[in-house]
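# Summary of structural features
Now for the letters of each chain:
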Amino acid sequence: MKYEINSNGRIVALIDGVWGDVGTVGGYVESKKNLSQTGDCWVYDNAQVSGNAQVSGNALVSGNALVCDYALVYDYALVSGDAQVFGNCWVSGESWVFGNASIFEGALVYGYARVYENARVYGHALVYGNAVVFGDALVYENAWVAGYDKIFGNMKITKSVTGSIDISELTDELVVL
């Protein structure tokens, strides 16, 4: 075993690892099903993982991030800052969700994707590849954002954006229909 849960609900390292030495106190988990005992995955700082959520592989959850319900964070994914990942959604690959971003309602973020600031990805939407979603952008209603697409500002994406598009001359309130 690599950790145990103390009486305050925090994890405590039982072995040395990327998280630190034996005795290093990590973030909060509700039960041992929330954080795998294998791999280098870890919950840091004041981050919380609860419900049926799982963190595995080499994934990291840090800051004040919240991962709950049936969310999965795995591979080399990072969830940090005040980000929230909840509902039946996945964050995987080498993707990052940080800042005040939220992933929920069956959304998937994977590959090398980045979702940050106040961005929201939900409603079974997919963000993958090297796509970046930030600012106050919304991606939802089964939309796909992929490749090297950048969705930002107050954009609202409700349909797939999988090819190269030049949106630099359009308003930041673009709605792709």
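On a predicted model such as this, the values are computed, not experimentally measured, just so you know. (Residues numbered from 1 in each chain as written. Predicted model: local features only at pLDDT ≥ 70, side-chain atom pairs only at ≥ 80, totals over all residues. Heavy atoms only, no water.)

## Side note on the overall build of the protein
- Looking only at helices and strands, the protein has zero helices and 24 strands in total.
- For a compact globule of 177 residues, the expected C-alpha radius of gyration is about 16 Å, and the protein comes in at 17 Å, within 12% of that figure.
- Expressed along its principal axes, the backbone C-alpha trace of the protein runs to roughly 55 × 25 × 20 Å.
- Out of the 177 residues belonging to the protein, those deemed buried represent 45%.
- Once local pairs closer than 6 in sequence are excluded, the contacts in the protein between residues at least 24 apart make up 6%.
- Just so you have it, the protein exposes about 8,200 Å², and 51% of that area is on carbon and sulfur atoms.
- With 9 positive and 19 negative side-chain charges, the protein shows a spacing of 5 Å between the two charge centroids. (Helix = DSSP H or I, 4+ residues; strand = E, 2+ residues; numbered from the N terminus. Rg over C-alpha atoms; globule rule 2.2 N^0.38 Å. Buried < 20%, exposed > 50% of the residue type's maximum accessible area, 1.4 Å probe, protein only. Contact = heavy atoms within 4.5 Å. Areas by Shrake-Rupley, 256 points an atom, 1.4 Å probe, with all protein chains shown as cover. Lys, Arg positive; Asp, Glu negative; His and termini not counted. Charge placed at Lys NZ, Arg CZ, Asp CG, Glu CD.)

## Things to note about unusual backbone geometry
- Even without glycine at this site, E141 takes up a positive phi of about 55°.
- Mapping E141 onto the fold places it in the loop between β20 (138-139) and β21 (144-145).
- With a relative accessible area of 46%, E141 lands in the partly exposed category.
- With a phi angle near 65°, N142 is a residue other than glycine that sits in the positive phi range.
- Relative to the elements of secondary structure, N142 occurs in the loop between β20 and β21.

## Overview of the sheet that holds strand β13 (residues 96-97)
- Taken in spatial order, the seven strands line up as β4-β7-β10-β13-β16-β19-β22 in an open sheet, and their pairing is parallel. Looking at strand neighbours, the two that pair on one side only are β4 (42-43) and β22 (150-151), the edges of this open sheet.
- Where β13 lies against strand β16 (residues 114-115), two bridges are found, and the strand directions are parallel. Within the sheet, the bridge partner assigned to W96 lies in β16 and is R114. (Pairing = 2+ DSSP bridges.)

## Things to note about a nonpolar patch on the surface
- Taken together, the side chains of M1, L14, I15 and V22 make up a nonpolar region of the molecular surface, amounting to roughly 370 Å² of accessible area.
- Among the secondary structure elements, L14 is positioned in the loop between β2 (10-13) and β3 (25-29).
- Accessibility expressed as a relative area gives 33% for L14, which makes it partly exposed. (Patch = residues over 30% accessible without salt bridge, like charges linked within 9 Å, V, L, I, M, F, W, Y side chains within 5 Å. Salt bridge = Lys/Arg side-chain N within 4 Å of Asp/Glu carboxyl O.)

## Structural notes on the environment of G23
- Considering the arrangement of structural elements, one finds G23 in the loop between β2 and β3.
- Residue classification places G23 among the partly exposed positions, given a relative accessible area of 39%.
- In this structure the C-alpha to C-alpha distance between G23 and E4, which are 19 residues apart in sequence, comes to 9.8 Å.
- The residues contacting G23, other than those within four sequence positions of it, are V12 and A13.

## Let's talk about the environment of C89
- Mapped onto the fold, C89 is located in the loop between β11 (84-85) and β12 (90-91).
- Classification of C89 as buried rests on a relative accessible area of 0%.
- Between the C-alpha atom of C89 and that of Y44, which follows or precedes it by 45 residues, the distance is 21 Å.
- Setting aside residues up to four positions removed in sequence, C89 forms contacts with Y70, A71, L72, I103, F104, G106 and A107.

## Describing the pairing of β3
- The pairing of β2 with β3 spans two bridges and is classified as antiparallel. Looking across to β3, one finds that R10 is bridged to Y28.
- Pairing geometry for β3 and strand β5 (residues 48-49), over two bridges, is parallel. Paired with Y28 across the strands is Q48, a residue of β5.

## Examining the nonpolar core
- Counting 45 residues, the largest nonpolar core has V79, I103, V115, V127 and V139 as the members making the most contacts within it.
- Elements that contribute at least two residues to this core include exactly β2 and β4.
- Residues contacting V127, with those up to four places away along its chain left out, are L108, V109, Y110, A113, V115, V121, V133, V139 and V145. (Core = buried A, V, L, I, M, F, W, Y, C linked by side-chain atoms within 4.5 Å.)

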